[in-house]
Each structure stands twice: as structure tokens, then as C-alpha cells.
There are 2 protein chains.
Amino acid sequence: MRRVLASNDALAAEQKRQLDRYGVLGINVMSGPGAGKTTLIEKTVAAFKDRWRIWVIEGDIQGDLDARRVLKQGVGCTQINTQGACHLDGLMLTPVFAAIDFANLDLLLIENVGNLVCPAEFRLPVHFNVTLVSTPEGSDKPVKYPLMFQKSDVIIINKIDLLPYVDFDINGFIRSVRRLKPKVLIFPLSLRNGKGLEAWLAWLKKVLRDRQRQLKRR
Amino acid sequence: MRRVLASNDALAAEQKRQLDRYGVLGINVMSGPGAGKTTLIEKTVAAFKDRWRIWVIEGDIQGDLDARRVLKQGVGCTQINTQGACHLDGLMLTPVFAAIDFANLDLLLIENVGNLVCPAEFRLPVHFNVTLVSTPEGSDKPVKYPLMFQKSDVIIINKIDLLPYVDFDINGFIRSVRRLKPKVLIFPLSLRNGKGLEAWLAWLKKVLRDRQRQLKRR
């Protein structure tokens, strides 16, 4: 298992260099089932597609439900079916990466398979790992799936519109996330009513702009 | 991988014979993170502990949060930490089974690791596989994680108290579950306010009574 992970790490590093060669920003979106990964991607694509060139990779055990949702936004999308595997990895991305025209791309959004376990172990060729947790799941997730939170650069607390109806201790959640990863960015928001979404979009916009400035300097 | 699964199947069959020797009913509870597995077990234990002798096995990547919750109910509980593995399996259960006094037990509740992928592949020594889905997760889960639903004998739709606030097509969900497994039992309920819980408890009570009647006949 350690050898599998090490060879995946090496492949991810090589694939990430491919993104960097063309100044493409890579984002890996992870969460348990139904926390809102596809909706986050839909809303992000809708907000950014006029300004930036976006490609989406959808990871699912089987089916193309999510890819169909993304394609409706009018951006390119590749569906990967893992045939039972609980995560995406470098080998699955290899044929997809060979087909993507990175020279004409600014942002690559990868939606991982929906679970809080395996995707944490398999590094993907991205600059930021984003994990969504939704308030109905309960605030104990960082204690139960610590690796996922340690590996994340950004935590999105989705479905804050449901806070009045569920038991979610948002301060306790933030404390236990910061205990695992002190400098992680945390965005509480509701993808349903849009509250808080602008902070996520503003952060991503800044990251994209900073990268393009660096590119021009090269 | 096929060999690993086959040897796990054989081990599960052997361990299940151990349950049957003592007339113990085994239930495997599965779901994504935060759908309500531990709460279902808490409420079931609370309703049944005066009438039946119950043991609970809690599967988690790490930590003992759930075992602590169950122990408060005053029944025996063993915590298994999978150290990263995304499911329980027969090998993990072997030392636990060696320690449980099955002769003084009626019901064994096993809480699997929280995800909708790997637990579907690794058979456990139980009579019923129960999968929880909660309404905020969305009604597309059977299409995205079909194996989990095919392997389930009982589906619990939890958090129906949130139906007014989320997009969950309950009829569409039931239709797509039945397409995968026509005769599956489906219990819509709210573990938060208790609505619908009595149907689940009544079913489980009937199964336990039927088993005890069969045992007396032997």
C-alpha cells in the first residue's frame, strides 16, 4: 500500500508540473456523499466561465449524472468512472490529462469520489485540496476523519441555511479543524441560497489573478 | 482484489455460523458520514435493551467517539479502529468475535465505517445489511452508489424532518432504490423527532421474535 501511494505521489507531482507549465490552477474537491461538491462546481463555473477557461473532471464509481450537470454550464467536462474504487488517482487521470488542451485553460476543477476516507490518501495533481462538510452531517467529522482535514487547504461548511434545524456546533467544528490544520481557510456558506458564496469566489478569483500575474512575469 | 474479497466472504460465512450457533441476530449498519448510524443504534439500543441482550461493534478510522456514545446506553460495545481502511472486514472482526460471549447475546449491531463505497464490497457476518441515507444528501445516491443499495436488505431514509428545507425527491429515491433491489424494505423516519422510528423498531422486534421461536423449536 505504501508503495502504491508513493508511486501515485510521484505521478501526481509529474502531472502537476504539466499544469504549471501552462499556468493552469488545479483544485481537488472532496466530501462525503451529498455534501454539495457538484453544486459548488456548478456555481463556481457559472460565476467564472466568462472570465476564465475552465475544465471539470468528474469522479464517480459509475454513471455520468454529475458530468451531465456540469456540461449544462457550457464548459468542458470529463467523467471518470472508477468502477468501484473509492477515490481518483494519478493513473485514472493519465488518459484524461493526455486529452485536455492545457494551453487553452486557466482552471481545472476535479470532483473526487464522495467519501471522507480514501481521497485523502491519494494525492492529485492540484494546487489546493478543498473539502466540503455540510451541517446535517454533524460537527464531529474532523475527529472521525482527521486525515481528510489535515490534507485540506480549504474547508467549506455547506448548508448553513439548515443550521436552525440540525445539531451542528459550528464553533466546535472550526476549533477541531484548526487543531488538525491551524492555517486552513474556512468558508461557511449555503450553496442553496448563496449566502457566503462570494467569500469563496473572491478567494478563488484572487488566487487565479495572482497566478496570471506570476505567469506574465516569467 | 477478487481473491481478498473471496477470502473475506468465506470468513464472514464462518463467523455468521458462530452467530447462528447461539441464535444471535447480526445487523450491519452502513451510510455516508453523518447520515445517522450511531443515532439509529442509540435509539434502537434504548428501545430494546430491557428486553434483549445487545452488543455493539463500532467501526471508525480512528477515535472512540461513537463507542463512548453507545456505552452511555449501558450496553457492551467494542470500538474497532481501521487505521485508514474505509470499511470493516472479517479479519478486523476476528479478535472481537473471539471476545464476545455470544451465548449471552440476542442482537449484534455493527456500525461500519462511514462511506457508501467500500463497506458494500466487504461482506460482514450479519443477517441484514441496513443502509441509511439522509434527505440532505440528495435523492441521487442510488444512481451513484448502486452496489451499496443492491447489497442492502433495509434502507432507512433519515432526517425526513428536513424535507421542507432540502431538495429530496422521496418518490424518485424510492423508485431508483426499487429498480436496484425490488424487495428492499424502506423506512422513512426522523431520528431527531422520532417520527417513523416505530416502524423500524416493529420490524426488528418481529425479526428477533421469529428467530427466538425458531430457536425454541430446535
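Residues numbered from 1 in each chain as written. Chains lettered and ligands numbered in written order. Predicted model: local features only at pLDDT ≥ 70, side-chain atom pairs only at ≥ 80, totals over all residues. Heavy atoms only, no water.

## Regarding the nonpolar core
Then step 1. Grouped together as the largest cluster of nonpolar side chains are 44 residues, with contacts concentrated most on Phe149(A), Phe173(A), Phe149(B) and Phe173(B).
Then step 2. Counting residues per element, the ones that place at least two in this core are helix H6 (146-150), strand S6 (154-158) and helix H7 (170-180) of chain A together with helix H6 (146-150), strand S6 (154-158) and helix H7 (170-180) of chain B.
Then step 3. Ignoring any residue separated from it by four or fewer positions in sequence, one finds Phe149(B) in contact with Val133(B), Lys141(B), Pro142(B), Ile155(B), Phe173(B), Val177(B), Leu180(B) and Lys181(B). (Core = buried A, V, L, I, M, F, W, Y, C linked by side-chain atoms within 4.5 Å. Buried < 20%, exposed > 50% of the residue type's maximum accessible area, 1.4 Å probe, protein only. Helix = DSSP H or I, 4+ residues; strand = E, 2+ residues; numbered from the N terminus. Contact = heavy atoms within 4.5 Å.)

## Observations concerning the pairing of strand S5 (residues 128-134) of chain A
All names here are of chain A.
Then step 1. Most of S5 is tucked away: 6 of the 7 residues are buried.
Then step 2. As paired elements, S5 and S6 share 5 bridges and run parallel to each other. The residue of S6 that forms the bridge with Leu132 is Ile156. (Pairing = 2+ DSSP bridges.)

## A few points about helix H4 (residues 90-99) of chain B
Residues and elements named next belong to chain B.
Then step 1. Along H4, the positions that sit buried rather than exposed are Gly90, Met92, Leu93, Val96 and Phe97. The buried residues of H4 occupy one face: seen down the axis, they fall within an arc of 140°. Residues of H4 that are exposed and point more than 90 degrees away from the buried face comprise Leu91, Pro95, Ala98 and Ala99.
Then step 2. Where H4 is buried, its residues meet helix H1 (2-21), strand S2 (54-60), strand S3 (76-81) and strand S4 (107-111).
Then step 3. The opening residue of H4 is Asp89, an N-cap whose side-chain oxygen sits 3.1 Å from the backbone nitrogen of Leu91. (Arc of directions from axis to C-beta. Polar contact = N/O pair within 3.5 Å; in protein donor to acceptor, adjacent residues only side chain to side chain.)

## Here's the deal with the relation of the copies chain B and chain A
Then step 1. By a simple turn and slide, chain B fits onto chain A: the slide is 0.0 Å along the axis, the RMSD is 0.0 Å, and the turn is 180°. In symmetry terms, the pair is related by a two-fold rotation axis. Among all residues of chain B, the minimum C-alpha distance to the rotation axis is found for Asn115(B), at 2.8 Å.
Then step 2. Interface overlap between copies: 100% of the residues of chain B at the interface are likewise at the interface in chain A, consistent with a symmetric, same-surface contact. (Least-squares fit on C-alpha atoms with pLDDT ≥ 70 in both.)

## Brief notes about empty space enclosed by the protein
Then step 1. This structure, assessed with the given rule, holds 1 cavity of 30 Å³ or more.
Then step 2. Its volume calculated, the largest cavity comes out at about 70 Å³.
Then step 3. In terms of lining, the largest cavity is formed by 14 residues, of which the most central are Ser134(A), Glu137(A), Pro33(B), Ser134(B) and Glu137(B).
Then step 4. Considered class by class, the residues forming the lining of the largest cavity number 5 nonpolar, 5 polar and 4 charged. (1 Å grid on protein atoms, 1.4 Å probe; cavity = no way out; pocket = protein on both sides within 12 Å on 5 of 7 lines; lining within 4 Å. Points joined across faces, edges and corners; volume = space filled by probe spheres on them. Nonpolar A, V, L, I, M, F, W, Y, C, P; charged D, E, K, R; others polar.)

## So, the pattern of salt bridges
Residues and elements named next belong to chain B.
Then step 1. The full count for this structure, using the stated rule, is 25 salt bridges over all chains.
Then step 2. Here Asp20 and Arg211 are joined by a salt bridge, their closest N and O atoms 3.1 Å apart. You can see Asp20 sitting in helix H1 and its partner Arg211 sitting in helix H8 (residues 197-217), a full 191 residues away along the chain.
Then step 3. Accessibility expressed as a relative area gives 26% for Asp20, which makes it partly exposed.
Then step 4. The partner of Asp153 in a salt bridge is Lys181, with the nearest N and O atoms 4.0 Å apart. (Salt bridge = Lys/Arg side-chain N within 4 Å of Asp/Glu carboxyl O.)

## Brief notes about the sheet that holds strand S1 (residues 25-31) of chain A
Residues and elements named next belong to chain A.
Then step 1. Strand order in the open sheet formed by 7 strands is S3-S2-S4-S1-S5-S6-S7, with parallel pairing between adjacent strands. Since the sheet does not close on itself, it has two edges, and those belong to strand S3 (76-81) and strand S7 (185-188), each with one partner. The average undirected angle you get between the axes of adjacent strands in this sheet is 20°.
Then step 2. The strands touched by helix H8 (residues 197-217) are S1, strand S4 (107-111), S5, S6 and S7; relative to S1, the strand with the most contacts, the crossing angle is about 150°. (Axes fitted to C-alpha atoms, helices over the stretch in contact; angles between N-to-C directions.)

## Considerations on the sheet that holds strand S1 (residues 25-31) of chain B
All names here are of chain B.
Then step 1. What the 7 strands build is an open sheet, ordered S3-S2-S4-S1-S5-S6-S7; its pairing is parallel. The open sheet has two edge strands, S3 and strand S7 (185-188), and neither has a second partner. Taking each pair of neighbouring strands and ignoring which way they run, the sheet shows an average axis angle of 20°.

## Here's the deal with the packing of helix H2 (residues 37-48) of chain A against H8(A)
Residues and elements named next belong to chain A.
Then step 1. Following both chains from N to C, one finds H2 and H8 inclined at 60°, their axes separated by 11 Å at the closest point. With respect to H8, the axis of H2 lies oblique. The handedness of the crossing between H2 and H8 is right-handed. Seen from H2, the contacting residues are Leu40, Lys43, Thr44, Ala47 and Phe48; seen from H8, they are Leu197, Trp200, Leu201, Leu204, Lys205 and Leu208.
Then step 2. Classifying every residue of the contact of H2 with H8 by side-chain character gives 8 nonpolar, 1 polar and 2 charged. (Parallel < 35°, antiparallel > 145°, perpendicular 65-115°, else oblique. Left-handed = near helix turned anticlockwise from the far one by under 90°.)

Purely geometric numbers; function is a separate question.
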